[in-house]
2 protein chains.
Amino acid sequence: MIDYKKIQNIMQDIKNTQEIDLRIDNAKIADVYRGIFFEGSVCVHQGVIVGFSQMKAKKVIDANNAYLVPNFFDGHVHIESSMLSPEKFAELVIPFGTGTVIADPHEIANVKGLEGIRFMIESAKQSLLDVKFMLPSCVPALPFEDAGANLFAVDLAELIDNENVYGLGEMMNVPGVLMQDSSVIEKLALARDKQKMIDGHSPNLDGANLDMYVLAGVRTDHECTTVAEAMDRIQRGMYVMLREGSAAHDLVNLLPVVNEHTIKNCLLCTDDKQCADILKRGHINDSVRLAIAHGIAPIDAIKMATINVAEAYGLKDKGAIAPGKEASFMLLKDFENCMPYAVYINGELVAENGKYIAKHNDEKSILLEELTKSMQESMQTILPQELILSIPSKKARVIRVLPHSLLTKCEVMDIATDEQGNFVFEQNKGMLKLAVVERHKKTGKVGLGLLHFEYGLQNGAIATTIAHDSHNIVVAGDNDADILFALQEIEKMGGGIVMVSHGNVLAKLPLNIGGLMSSAEPQEVANALQKLYTLAKDHYKIWEKADAFMTLSFLALPVIPDLKLTPQGLFDITKFSFVDIDATK
Amino acid sequence: MIDYKKIQNIMQDIKNTQEIDLRIDNAKIADVYRGIFFEGSVCVHQGVIVGFSQMKAKKVIDANNAYLVPNFFDGHVHIESSMLSPEKFAELVIPFGTGTVIADPHEIANVKGLEGIRFMIESAKQSLLDVKFMLPSCVPALPFEDAGANLFAVDLAELIDNENVYGLGEMMNVPGVLMQDSSVIEKLALARDKQKMIDGHSPNLDGANLDMYVLAGVRTDHECTTVAEAMDRIQRGMYVMLREGSAAHDLVNLLPVVNEHTIKNCLLCTDDKQCADILKRGHINDSVRLAIAHGIAPIDAIKMATINVAEAYGLKDKGAIAPGKEASFMLLKDFENCMPYAVYINGELVAENGKYIAKHNDEKSILLEELTKSMQESMQTILPQELILSIPSKKARVIRVLPHSLLTKCEVMDIATDEQGNFVFEQNKGMLKLAVVERHKKTGKVGLGLLHFEYGLQNGAIATTIAHDSHNIVVAGDNDADILFALQEIEKMGGGIVMVSHGNVLAKLPLNIGGLMSSAEPQEVANALQKLYTLAKDHYKIWEKADAFMTLSFLALPVIPDLKLTPQGLFDITKFSFVDIDATK
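Residues numbered from 1 in each chain as written. Chains lettered and ligands numbered in written order. Predicted model: local features only at pLDDT ≥ 70, side-chain atom pairs only at ≥ 80, totals over all residues. Heavy atoms only, no water.

Draft legend 1. A look at the relation of the copies chain A and chain B. Its rotation angle being 180°, the transformation that places chain A on chain B also includes 0.1 Å of axial translation and leaves an RMSD of 0.2 Å. One copy is carried onto the other by what is essentially a two-fold rotation axis. The rotation axis passes nearest to the C-alpha of A:Glu260 in chain A, at a distance of 2.7 Å. In this assembly, 100% of the residues forming the interface of chain A have copies in chain B that are likewise at the interface, indicating an isologous arrangement. (Least-squares fit on C-alpha atoms with pLDDT ≥ 70 in both. Contact = heavy atoms within 4.5 Å.)

So, in structure tokens, the structure goes:
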């Protein structure tokens, strides 16, 4: 909240000089309290809105009847999914009118624990974006995972009092809550005792189980996909996020939830949206645009993107155009495009016509350097013999990916082997070898599996260090040489995405921050990503039925049914156990 | 907020025993989030709502299709105006479905400062009513007043961290805020620095001045009387209280303010409502009834009396029927009467058919005993010669009360005197002598004035220790003997209201707590009050054009125009100075 000393200074200054810094005239001001746009002026002094009257101002701007709207909030976002550092993410989203995000640094926490979270907080502080952090509640996703960290309540306690920490991130361990797993309850208690927010994640939960989940203190959910799910949660006082991200498009489906009563509990969020998508479609302004295009009144769409989030998270000096609120707002001409031509943060013009114009921060982050170095040091070099896949029975459990889904099936297939009983590519045309290589603690663990030929890669390999949730290295290829070469490239880059063929790098995206994010410019990262996608789709015809890289990224997440690969081998969640690749075992 | 240990216990208990304390079936449950009533069951365990499913319960109650509604909140109340101790006030209002009040102990603070506030907090704690306190911001009302205390920020700081203190009470000193009077700003800063609420009081304020008042941190106003005033405040993010008290009836006038957008910022309050009124008409349930009778949808009226107040004041576990909320709700058959037949607090039935049935607290309050004793000791005995009113010029400034208003006019009248130039009753038939006697610090100050004969008392005197805001003794009479007798009776009672005639007490109401409140039963106090009113109205024909006692009570409040009487003499606010009763001076 704005320090009261600052408010006092502002009041004194105005009293003494009878002059303010900035006045914007002829604006159609979004009034989220009365639910209207009214024509008038907004007065700003020292970065704070001070009123609506015709005060004498050092600078007067004519809004020419444009809309003046509070900057938008993203109610729940994993900044890591943008593939950008918080600083660069800020520069990307601010021109679209985003001013505040509620971020759960769950991905980097799986890689580097508290050190990763601290980096995110520090990096965000270097930016003009106001990032409020929720401490990741489920690191790792499952107790046996080879994540880079294991965060208990006692660890989170180190950061809970941080001024930018607003609570506990999405509590995905629903069974843990319902069974009152002590390590889960301790985390909830930590947030509750500090009177902080607890975010949820509870797809399909209903009835008495949903009651218990809410009783336990969980207050939000961004995983609703049906109106009934959303209404069940609002009935219980939860805030429901209408998500519109790169992969999940729930917003339009959920709009029937919004009415004069429920709207207060409806917030907008992206959850996961990568930088190329943001560059192309926008950020929360795109959600606002979409909602309006589907019949929501502009002021209601704005409320879901501003004051509703501010009030849900207790951000009292944000989310509205009113005296005492931060002077953080945008000017825009229409809601068909919903693209601001000017964005102000704390009274300063920071973006114009989609371009970030505020000063970049040029300080080199020590935390970033340390993080990058330690990531490289923790990667292990894989030897050819470690890729040998022994299946003497010639019957293998093969992972079959499903179109447009993160789900997989376990398929038992006859496969060809050499005399030693080892898988050979030549007689299994089109089938890919999949490897998940532990990259956090040099444990030497490498899990091997087979990927059904539908995935469709030929004459090469692709590898990525984005591999939910533990973010080990996932690599798939149709020959061992390229698989090894891709792994070497990953090691060289200190993490990222790479596509290789016959010993050549076709395309790559270095992700120097924990193998998840880049400190490069958003456009540069988006271009590299675009090149990877174009190659994968047009040239290699990989997995046309969905996103090739995202599919790969989720092949190592054992909490999603049915068969996934971890550094410890294949895991079948339907059995909640590891299974041998040899189907006879 | 409910301690998380308690939540854990509840969850464990349910998991272990699969049984809850209480289930209420067949209720039409008020859902303030979805804006509907839905038919179903409410499950309660250890005083907390745990869900809506058909859990096995130790006790099952059939609501027979009655409405189940969260207990109501009074958004702003001076409990002192009920003339009851907080404990007795609780027993009075709970049967009407009031469960939580935001109280400003402004009156007792003017009498006994922090000691008075501490008594209120302690007394409230003995009750089942949840009383959240706002620290009085303007004690005394004007710097020169003869109040019992002078509270600066440093004094309020002693109580700001009290668990039941939620912020700073109504900031009436609007000029002080606008001029940035340091003693005012320090109080605002105290509340803001603790992230606590600041209540307002700003009739007629608008434009740039209202902007500054909001910028200074004031967040509520209960003094709106017009739709425009209310809308001006909502536009700036303030919460507007729709007041319905004993004297002020603003609710119906303000209902046009309420729409789907503004409703969130509309709260119900009584401000000042005395016990006889509450007994006769109800408490906040009467406001809800009235709003519904004037066209507000029942669920919207309920929202203004429940969740809206809870959210405005950050009371996260209240104001709704949902898992994790306090099991504090009422059952009622219709909204025409809006009278609950059963009221539950923390899962216990505490009132039935208008009767308080929970156990009374029988502990004697040491704070109360001390308070009563010290009040008696601080009163001064007035001698006959102190009532002599010298007006040699025979031209006097006379107070003329205005019908149905707290305003007065200063009227210069020719009056008759004796040879010494002293006022005599005989030749000024119908004109009354008014005295305001300092009662807090034995300063010996007695202010004398004349009251225009319209007030209408004959053959006697009335006196009261309720005299806003300093609560000295105000007495009016048509002969000095009865004036002195009334003062003696007040001293004997340790404060209260008395009506005397020819040396006899006609009726009296002892107010043993600071001369403002009684520790007697509500019905007893209401009866005594009723007797006073009946006598005043029917027998003595005093001031038929408004409330005789309230008119008297406000004759000593110098902040209300034009002419008032203080222990230091007549004060004319239009001149902002004391004036002599002799109109030639």
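Having seen the model, we can carry on.
Draft legend 2. Region of the structure containing the interface of chain A and chain B. Across the boundary between the two partners, chain A contributes 59 residues, which contact 59 residues of chain B. Carbon and sulfur atoms make up 57% of the area that chain A and chain B hide from each other, which totals about 5,100 Å². Counting across the chain A and chain B interface gives two salt bridges. Between B:Lys264 and A:Glu311 there is a salt bridge, with its nearest N and O atoms 3.0 Å apart. Listing elements by their share of the side of chain A that touches chain B, those giving two or more residues are α1 (4-17), β3 (48-51), α6 (182-193), α7 (207-215), α8 (227-235) and α12 (298-305) of chain A. (Buried area = accessible area lost by both parts, 1.4 Å probe. Salt bridge = Lys/Arg side-chain N within 4 Å of Asp/Glu carboxyl O. Helix = DSSP H or I, 4+ residues; strand = E, 2+ residues; numbered from the N terminus.)

Draft legend 3. Fine view of the sheet that holds strand β6 (residues 72-77) of chain A. Residues and elements named next belong to chain A. Read across the sheet, five strands follow the order β6-β7-β8-β9-β10 without closing on themselves; strand pairing throughout is parallel. Looking at the sheet topology across the chains shown, the edges are occupied by β6 and β10 (197-200). Taken pair by pair, the neighbouring strands of this sheet meet at an average axis angle of 25°, ignoring direction. With three bridges joining them, strand β9 (residues 165-171) and β10 adopt parallel strand pairing. Directly across from Leu168, in β10, lies its bridge partner Ile198. (Pairing = 2+ DSSP bridges. Axes fitted to C-alpha atoms, helices over the stretch in contact; angles between N-to-C directions.)

Draft legend 4. Structural context of the sheet that holds strand β28 (residues 577-579) of chain B. All names here are of chain B. With respect to topology, three strands assemble into an open sheet ordered β26-β27-β28, the strand pairing being antiparallel. Among the strands making up the open sheet, the edge pair consists of β26 (563-566) and β28. Sheet twist, expressed as the average angle between the axes of neighbouring strands with direction ignored, equals 45°. For strand β27 (residues 569-572) and β28, the ladder comprises three bridges, and the chain directions are antiparallel. Each bridged residue has a counterpart across the sheet, and for Phe571 the counterpart in β28 is Phe578.

Draft legend 5. Up close: the packing of helix α3 (residues 106-125) of chain B against helix α4 (residues 153-160) of chain B. Residues and elements named next belong to chain B. Two numbers describe how α3 lies on α4: the axes approach to 11 Å, and their chain directions differ by 20°. With respect to their mutual orientation, α3 and α4 come out roughly parallel. You can see that α3 and α4 cross each other, and the crossing is right-handed. Taking contact as the criterion, the partners of Leu114, Ile117, Arg118 and Ile121 in α3 are, on α4, Asp155, Glu158 and Leu159. Of the residues assigned to the contact of α3 with α4, the class counts are four nonpolar, no polar and three charged. (Parallel < 35°, antiparallel > 145°, perpendicular 65-115°, else oblique. Left-handed = near helix turned anticlockwise from the far one by under 90°. Nonpolar A, V, L, I, M, F, W, Y, C, P; charged D, E, K, R; others polar.)

Draft legend 6. Quick peek at the side chain of B:Arg243. All names here are of chain B. Among the structural elements, Arg243 can be located in strand β12 (residues 239-243). Of note is the side chain of Arg243, whose polar atom sits 3.5 Å from the backbone oxygen of His222. Polar side-chain contacts of Arg243 include one of 2.6 Å to the side chain of Asp271. (Polar contact = N/O pair within 3.5 Å; in protein donor to acceptor, adjacent residues only side chain to side chain.)

Draft legend 7. Just the pairing of strand β10 (residues 197-200) of chain B, in detail. All names here are of chain B. Of the two faces of β10, the one carrying Met197 and Asp199 and the one carrying Ile198 and Gly200 are both buried. Sheet topology note: the β10/strand β11 (residues 220-221) ladder contains two bridges and is parallel. Each residue of the ladder has a partner; that of Gly200, found in β11, is Asp221. For the crossover that starts at β10, traverses helix α7 (residues 207-215) and ends in the parallel β11, the hand is right-handed. (Buried < 20%, exposed > 50% of the residue type's maximum accessible area, 1.4 Å probe, protein only. Right-handed = clockwise from strand over helix to strand, strands pointing away.)

Draft legend 8. Layout of the pairing of strand β23 (residues 473-477) of chain B. Residue and element names in this part refer to chain B. Of all five residues that make up β23, five are buried, and the element is covered over most of its length. Side chains Ile473, Val475 and Gly477 of β23 all project onto a buried face; the interleaved residues Val474 and Ala476 project onto the opposite face, where all are buried too. As judged from the five bridges shared by strand β20 (residues 432-437) and β23, these two strands associate in the antiparallel manner. Its bridge partner being in β23, Val436 is matched across the sheet by Val474.

Draft legend 9. Quick peek at the side chain of B:Gln274. Looking at the secondary structure, you find B:Gln274 in the loop between β13 (266-269) and α10 (275-281). Setting aside anything within four residues of it in sequence, one finds B:Gln274 in contact with B:Ser81, B:Ser82, B:Met83, B:Ser246, B:Leu529 and B:Tyr533.

Draft legend 10. Helix α3 (residues 106-125) of chain A, seen in detail. Residue and element names in this part refer to chain A. Compared with an ideal rise of 1.5 Å per residue, which puts 20 residues at 28 Å, α3 spans 18 Å between its outermost C-alpha atoms and falls more than 12% short. Lys112 marks where α3 bends most, by close to 135°. Counting buried positions along α3 gives 15 out of 20 residues, so the element sits mostly inside the fold. (Expected span 1.5 Å × (residues − 1). Bend = angle between axes of the 7 residues up to and from the residue.)

Draft legend 11. Layout of the environment of B:Val218. Residues and elements named next belong to chain B. Structurally, Val218 can be placed in the loop between α7 and β11. In this structure, the C-alpha to C-alpha distance between Val218 and Gly169, residues 49 residues apart in sequence, is 9.8 Å. In contact with Val218, other than residues within four places in its own chain, are Ile198, Asp199, Gly200, Tyr213 and Met238.

Draft legend 12. Region of interest: the packing of aromatic side chains. Residues and elements named next belong to chain A. Taken as a whole and assessed by the stated rule, the structure comprises 24 aromatic pairs over all chains. Each ring, one from Phe144 and one from Phe576, has its centre 6.4 Å from the other, and the planes form 75°; the classification is edge-to-face. Of the two residues, Phe144 sits in the loop between β8 (130-135) and α4 (153-160) while Phe576 sits in the loop between β27 (569-572) and β28 (577-579), which places them 432 residues apart along the sequence. Overall, Phe144 belongs to the partly exposed group, its relative accessible area being 22%. Its relative accessible area of 48% is what places Phe576 among the partly exposed residues. On the numbers, 5.2 Å between centres and 35° between planes, the contact of Phe329 with Tyr344 is tilted. Taken together, the residues Phe329 in strand β14 (residues 329-332) and Tyr344 in strand β15 (residues 340-345) connect sequence positions 15 residues apart. In this structure Phe329 comes out as buried when scored by relative accessible area, which is 0%. Overall, the relative accessible area of 5% leaves Tyr344 in the buried class. What links up through ring pairs into an aromatic cluster is the set Phe144, Phe571, Phe576 and Phe578. (Phe/Tyr/Trp six-rings, centres within 6.5 Å; stacked < 30°, edge-to-face > 60°.)

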